[in-house]
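Here is how the chains run, residue by residue.
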Amino acid sequence: MDGPAAPNQRLAVLEEERRGLLLRRITEEGGFAFVSSVELAVAGDLRAAEAAREMAWEQLHSGPWNEVVPAWRDAYAMACLDVADIRAVSGELQEALRVLDMGLIMGGPLLRLELVSAIGKIMAMKPAINGRDSFGGWGSDHSSGNSSLAEILQVLPSRSLTCQMVEKRSCPSLETFVREYFLCSSPVIISNYIDHWPARTKWKDFEYLKRIAGNRTVPVEVGRNYLSSDWKQELIMFSQLLERITTPVDTPNLTYLAQHPLFDQILELRDDIMIPDYCYAGGGELQSLNAWFGPTGTVTPLHHDPHHNIFAQVVGRKYIRLYPATASHDLYPHSESMLTNSSQVDLDDIDAEEFPRALNLDFLDCILEEGELLYIPPKWWHYVRSLSISFSVSFWWKTEKGLSPMGT
Ligand SMILES: O=C(O)CCC(=O)C(=O)O
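Residues numbered from 1 in each chain as written. Predicted model: local features only at pLDDT ≥ 70, side-chain atom pairs only at ≥ 80, totals over all residues. Heavy atoms only, no water.

Hydrogen bonding along the main chain pairs the strands of a sheet, whether they run parallel or antiparallel. In spatial order, the strands read E1-E11-E10-E13-E8; together these five strands make up an open sheet with mixed pairing. Of all the strands in the sheet, the pair left with one neighbour each is strand E1 (164–165) and strand E8 (299–303). Summarising the sheet, strand E10 (residues 318–323) and strand E11 (residues 364–368) pair through five bridges and their orientation is antiparallel. Looking at E11, one finds that Leu-322 is bridged to Leu-364. (Pairing = 2+ DSSP bridges. Helix = DSSP H or I, 4+ residues; strand = E, 2+ residues; numbered from the N terminus.)

This is how it looks when you write it as structure tokens:
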């Protein structure tokens, strides 16, 4: 007599059901060729699996991202799982891993658990990468923390550190944070709060990062900054990112892993950090955790976001300048719909004739030191420049309706 199904069997049945429903949905969307290829792929046909992946990829790139039918994003994840399965069986573990990461980065949420579990299995099979090349890591970053203030001022926008500095508090209570900063929409630096995070020591060790993440594929930005014409996006291995970060290049070739939900992708890194209690201010809901990892000299140009942000400077240091939401008119926001939250003013080289109102505006600024948090209230304009190799994490959250602080 059959007993109750084992947990693994139940999961397999669930996955089967989800796959069945998804294939029905793709048939309704006219994806007959995709469905036939998937049937062959399940029987181990690599060419068919790659063809299905290619078909889904084309659908993801057939128009603006927000107009892609969500089922096609899930279909892409499904095809990635099939390709990876076949490649892993034939011993191509690195390629299987790359394809699974692509599924996580580009695919929909339906088969996320399956992707994560497949990655876990491959990581367990793959011997740790004991590359002979070792990274200099943070210690070799001579442009980092030891620069004098005069040297730092040379690379910062004009008038830096001449206005008001952001207030700094050592571990304020949640109540104090809510009353004095959150409800007043007022930025604050919080020190001594993340000293116990494993990331504070582990992420300084490039050999650790390479061991945990070296063979994973991640999206990066290359170029001066996201508003410049030389800017592009690439998918590279984390080990390549580490190499690029430690190899000096000119500004136009800087590589920056920016605003990427890395911790949903590489779960071991998620264990190295904790969600600060301040992110629960206002009864809110965490929206996203993003990683920002790059060399000295990365610039995120002046822009604002709709969410509350606790920005954790885990390793290295950054210069950050803040303007209140009330300065918006004088900061000349772009008019194109995708960029209305970005300023046309290049703080590194202000065009005084075109943007005269931006010249003498008051601002708050700071050098955010290693181990400090910065609270950036919603809609506050911010410009960020790394002063060393830097690894930061942003925690974005939104509040329940009716609990919004003043002015947001
Ligand atoms: O660190 C950076 O380069 C930018 C961070 C940022 O803009 C943010 O967290 O909203």
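Attention now moves to the sheet that holds strand E5 (residues 232–237). Here we have nine strands laid out as an open sheet, ordered E2-E3-E12-E9-E14-E7-E6-E4-E5, and mixed in their pairing. Both outer strands of the open sheet, strand E2 (168–170) and E5, are each paired with one neighbouring strand and no more. In this sheet, adjacent strand axes meet at a mean angle of 25 degrees when their direction is disregarded. Against the sheet, helix H5 (residues 93–106) engages strand E4 (217–222), E5 and strand E6 (255–260), with an angle of about 65 degrees to E4. (Axes fitted to C-alpha atoms, helices over the stretch in contact; angles between N-to-C directions. Contact = heavy atoms within 4.5 Å.)

This part is about the side chain of Arg-317. Tracing the sequence through the fold places Arg-317 in the loop between strand E9 (308–315) and E10. In this structure Arg-317 comes out as buried when scored by relative accessible area, which is 12%. In this structure the side chain of Arg-317 is engaged in a polar contact, spanning 2.8 Å, whose partner is the side chain of Glu-369. (Buried < 20%, exposed > 50% of the residue type's maximum accessible area, 1.4 Å probe, protein only. Polar contact = N/O pair within 3.5 Å; in protein donor to acceptor, adjacent residues only side chain to side chain.)

Time to look at unusual backbone geometry. One non-glycine residue, Leu-161, adopts positive backbone phi at about 60 degrees. Its location among the elements puts Leu-161 in the loop between helix H7 (149–155) and E1. Residue Leu-161 is classed as partly exposed on the basis of its relative accessible area of 23%.

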